[in-house]
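Geometric and topological summary
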Amino acid sequence: MADIRNNFVGIKSPNPFWLASAPPTDKAYNVIRAFKAGWGGVVWKTLGEEGPPVVNVNGPRYGAIWGADRRLLGLNNIELITDRDLQTNLREIKQVKMDWPDRAIVVSLMVPCVEEAWKAILPVVEETGADGIELNFGCPHGMSERGMGAAVGQVPEYIEMVVRWCKQNTRMPVITKLTPNITDVRKPARAAHAGGTDAVSLINTINSITGVNLDSFAPEPTIDGKGSHGGYCGPAVKPIAMNMVAEIARDRETAGLPISGIGGITTWRDAAEFMALGAGNVQVCTAAMTYGFKIVQEMIAGLENWMDEKGHRSLDDIVGRATPNVTDWQYLNLNYVAKARIDQDACIKCGRCHIACEDTSHQAITSMLDGIRHFEVIEEECVGCNLCVNVCPVEGCITMEPLAVGAMDKRTGKPVSPHYANWTTHPNNPMAKVAAE
C-alpha cells in the first residue's frame, strides 16, 4: 500500500493534508476534532503580538459565489487574525502538541514589521513545542491597512528582511506564506529564499468583492449598510494557485525550495495535482468549512487508492513530476495538430457544441445532415481549440485526437511534420529574424 507519510522541511505528519491557518484552526477544540478526523497537521490561526486582541466584526464575515446547483465555488471573508488572547492560544497550542505528538502543528504569525516585535513573539511560540512557524504575508484586508499581511508580502525587500530576523531568532522551521495579490509571485518567493526561509506556502486569499446587494447597493457581506473588500478562496482560486506554485517550482532561483500548496483543494485529485506541480504537501480550508473535518478521510483514501493503482510507492514519486512539463507558450510545439471527434453513439443531440463553435469559434461543427439534427466536426475548419469538449454536457462524448505524423491536415492542406518547431524559430516571429541576423 502507498505510504503517504509526509516530511515537510523536517516537520513530520501521517499524511500531507494540513488545515490552513483560518477559522477551523482558531482554538484547541477545533484542532482536536480535526486530528480525530484524520488531518495530518494544522497551521494554527494567525497570532498577533501581546496586548489587546484584534477586534473582528460582529456580523456577517463571508460572501459567496455558487454554481448553478448551489455548490459553493468561492468564499470571500473579511475576518481578521485571531481575536483570542495570545497567552490563551499559546497554552492551547502547547497542550495539543503534547497530546498529539505525531501531528504537525505550525503557528501562523503576524506582528508589526519591526525586528523587536518578531524577537518578542518567536521565543514564546517556540516554548510551546510547535513544529514550525508560518509568516503571514498574505492577508489582504484589515491587517494590510495596518502595515502587516499583504502590505509586507507585496514588498520583496520587507519579506527578505523579516525572514532573516526569524531565521536568526528561532530554531523552528520558517514557512513564508505568500500573497497572490502581486504581479509576479516569483519575486517575493526569491526574496524569501534569499532571506533563508525553509519553505514557502501559497496562495493566501485573493483581494475581492464577491457581490453587491442590489436592494441596499452595498457589497456582500454587509455590515450596517457598508461592505469591504476581503480575501477570496475556495475551488474557484485553484487554477490561479496552481499556476503560482508551478512558477516558483520551475524558477531557476527558487527551484527545489519546498512549497506547501494552498488554494481550492477539495479532493484528493486536487491535492495530487498540486503535488505534481511541486508542492510537498497541501493546506485546506474552504473544503473543511463547507463539508466538515471528515472530508479528509475521502482525501486520504482517494490519494492512497490512486497511488496504489498507478504504482506510486511514496509521495516522493509524485512531487514535482509535472513541473518539467510546464513551459512558456513560446516553446509549445507548433507542428502538433489535433482535431475534435464526436462519438455519435454518446451524442444526445443538444447542439451546444455547434452553437459554441458557430457563434464564437471556427464554424467547424455541422448542425444538420439530410434534414436531420446531426453534429459532426468539419475537419477542414477545425483548429483543435477544444471549446466543444468543454461545453459538451456528456463526458467523453467529444475528444481531441492528435493527427499522426505524415497525416494530412485538411485545414492547411499540409502533412503533419515530424519536427518540433516553436515560436522562437517561426518565420513570422520578428525576434527570430533578429536572432538569425
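Throughout what follows, the structure given in this document is the object of discussion. Keep in mind that this is a model prediction, so the values were computed, not measured.

The rules behind these values
Each residue is numbered by its place in its chain's sequence as written, counting from 1. The predicted nature of this model means local features are confined to residues of pLDDT at least 70 and side-chain atom pairs, given and counted, to a pLDDT of 80 or more, with totals for whole chains, interfaces and linings taken over all residues. To get the side-chain values, all heavy atoms of the structure are used, and hydrogens and water are removed first. The criterion for strand pairing is that DSSP finds at least two bridges linking the strands in question. Numbered from the N terminus, helices here are DSSP runs of H or I no shorter than four residues, and strands are runs of E no shorter than two. Every angle, taken between N-to-C directions, lies between 0 and 180 degrees, and every axis is a line fitted to C-alpha atoms, over only the stretch in contact when it is a helix. Two cysteine sulfur atoms form a disulfide, by the criterion used here, when they sit within 2.5 Å. In this scheme, a residue with accessible area under 20% of its type's maximum is buried, one over 50% is exposed, and one in between is partly exposed, where area comes from a 1.4 Å probe on protein chains only. Throughout, a residue-residue contact means that at least one pair of heavy atoms, one from each residue, lies within 4.5 Å. The rule for a salt bridge is simple: a side-chain nitrogen of Lys or Arg has to be within 4 Å of a carboxyl oxygen of Asp or Glu. Residues enter a nonpolar core if they are buried and are Ala, Val, Leu, Ile, Met, Phe, Trp, Tyr or Cys, with the set joined through side-chain atoms within 4.5 Å. Here is the rule for angles: anything less than 35 degrees is roughly parallel, anything more than 145 is roughly antiparallel, 65 through 115 is roughly perpendicular, and the remaining ranges are oblique. By the convention adopted, Pro, Cys, Tyr, Trp, Phe, Met, Ile, Leu, Val and Ala count as nonpolar, Lys, Arg, Asp and Glu as charged, and the other residues, Gly among them, as polar. Within the patch definition used here, like charges are joined within 9 Å and nonpolar side chains (Val, Leu, Ile, Met, Phe, Trp, Tyr) within 5 Å, considering only residues with over 30% relative accessible area and no salt bridge. Residue exposure ignores everything except the shown protein chains as possible cover, and the areas themselves are Shrake-Rupley values with a 1.4 Å probe.

Next up on the list: the sheet that holds strand β11 (residues 206-208). Ordered by their spatial adjacency, four strands build an open sheet running β5-β6-β14-β11, and the pairing between neighbours is antiparallel. Unpaired on one side and paired on the other, β5 (62-66) and β11 mark the two borders of the sheet. Within the sheet, the average angular offset between the axes of one strand and its neighbour, ignoring direction, is 35°. Pairing geometry for strand β6 (residues 72-77) and strand β14 (residues 230-233), over three bridges, is antiparallel. The residue bridging N76 from the neighbouring strand is Y232, located in β14.

Moving on to the state of the cysteines. For the structure on display, the rule yields zero disulfides. Sulfur of C357: no disulfide; nearest cysteine sulfur belongs to C385 and is 6.3 Å away. Taking the relative accessible area as the measure of exposure, C357 reaches 10% and is therefore buried. Cysteine C397 shares no disulfide, and the gap to the nearest cysteine sulfur, in C392, comes to 4.3 Å. Judged by relative accessible area, which is 3%, C397 ranks as buried.

We now examine the environment of Y291. Its place among the elements puts Y291 in helix α9 (residues 286-291). Between the C-alpha atom of Y291 and that of T266, which follows or precedes it by 25 residues, the distance is 9.4 Å. Once residues within four sequence positions are removed from consideration, Y291 is found in contact with R71 and T266.

So, on to the pattern of salt bridges. When their charged atoms lie close together, side chains carrying opposite charge are able to pair. Evaluation of the coordinates by the stated rule reveals 20 salt bridges. The salt bridge partner of K119 is E115, with a shortest N-O separation of 3.6 Å. Of this pair, K119 and E115 both sit in helix α3 (residues 115-126), separated by four residues, roughly a single helical turn. Taking relative accessible area as the criterion, E115 reaches 27% and is therefore assigned partly exposed. Measuring nitrogen to oxygen at the nearest pair gives 2.7 Å for the salt bridge that ties K238 to D270. Here K238, found in helix α7 (residues 238-250), pairs with D270, found in helix α8 (residues 268-276); they are 32 residues apart in sequence, far enough to count as distant. Like D270, K238 is buried. Via salt bridges that share partners, D184, R186, E247, R250 and D328 belong to a single interconnected network.

Turning our attention to the pairing of strand β7 (residues 104-109). For β7, a buried count of six out of six residues is recorded, marking the element as mostly surrounded by other parts of the structure. Going residue by residue along β7, you find A104, V106 and S108 tucked away on one face and I105, V107 and L109 tucked away on the opposite face as well. Bridging between strand β4 (residues 41-47) and β7 involves five bridges; their strand directions are parallel. Residue pairing across strands places W44 opposite V107, the latter belonging to β7.

Of all hydrophobic cores here, the largest spans 79 residues; its most connected members are W39, W118 and L202. Of the residues forming this core, the biggest block, seven residues, is contributed by α7. In contact with W39, other than residues within four places in its own chain, are N15, F17, W18, L19, A34, R103, V284, A288, F293, I295, V296 and M299. Counting residues in hydrophobic clusters, the runner-up holds 14 residues, among them C347, C353, C357 and C382.

Before going further, it helps to spend a moment on the sheet that holds β4. The eight strands lie next to each other as β3-β4-β7-β8-β9-β10-β15-β16, forming a closed barrel whose pairing is parallel. Between one strand axis and the next, the sheet turns by 25° as a mean value, whatever way the strands run. Lying on the sheet, α7 is in contact with β10 (199-202) and β15 (259-262); it crosses β15 at an angle near 165°.

Once that is clear, we can look at the packing of α7 against α8. Between α7 and α8, the least distance of the axes is 9 Å, while the angle of their chain directions is 25°. With respect to their mutual orientation, α7 and α8 come out roughly parallel. Across the interface between the two elements, K238, A241, M242 and V245 from α7 touch D270, E273 and F274 from α8. Tallied by class, the residues present in the contact of α7 with α8 amount to four nonpolar, no polar and three charged.

Moving on: a nonpolar patch on the surface. On the surface, a nonpolar cluster with roughly 460 Å² of combined accessible area is contributed by I209, V212, L214 and F217. Mapped onto the secondary structure, V212 falls in strand β12 (residues 212-213). For V212, a relative accessible area of 47% corresponds to the partly exposed category.

Note that all results are geometric; they support no functional claim without further evidence.
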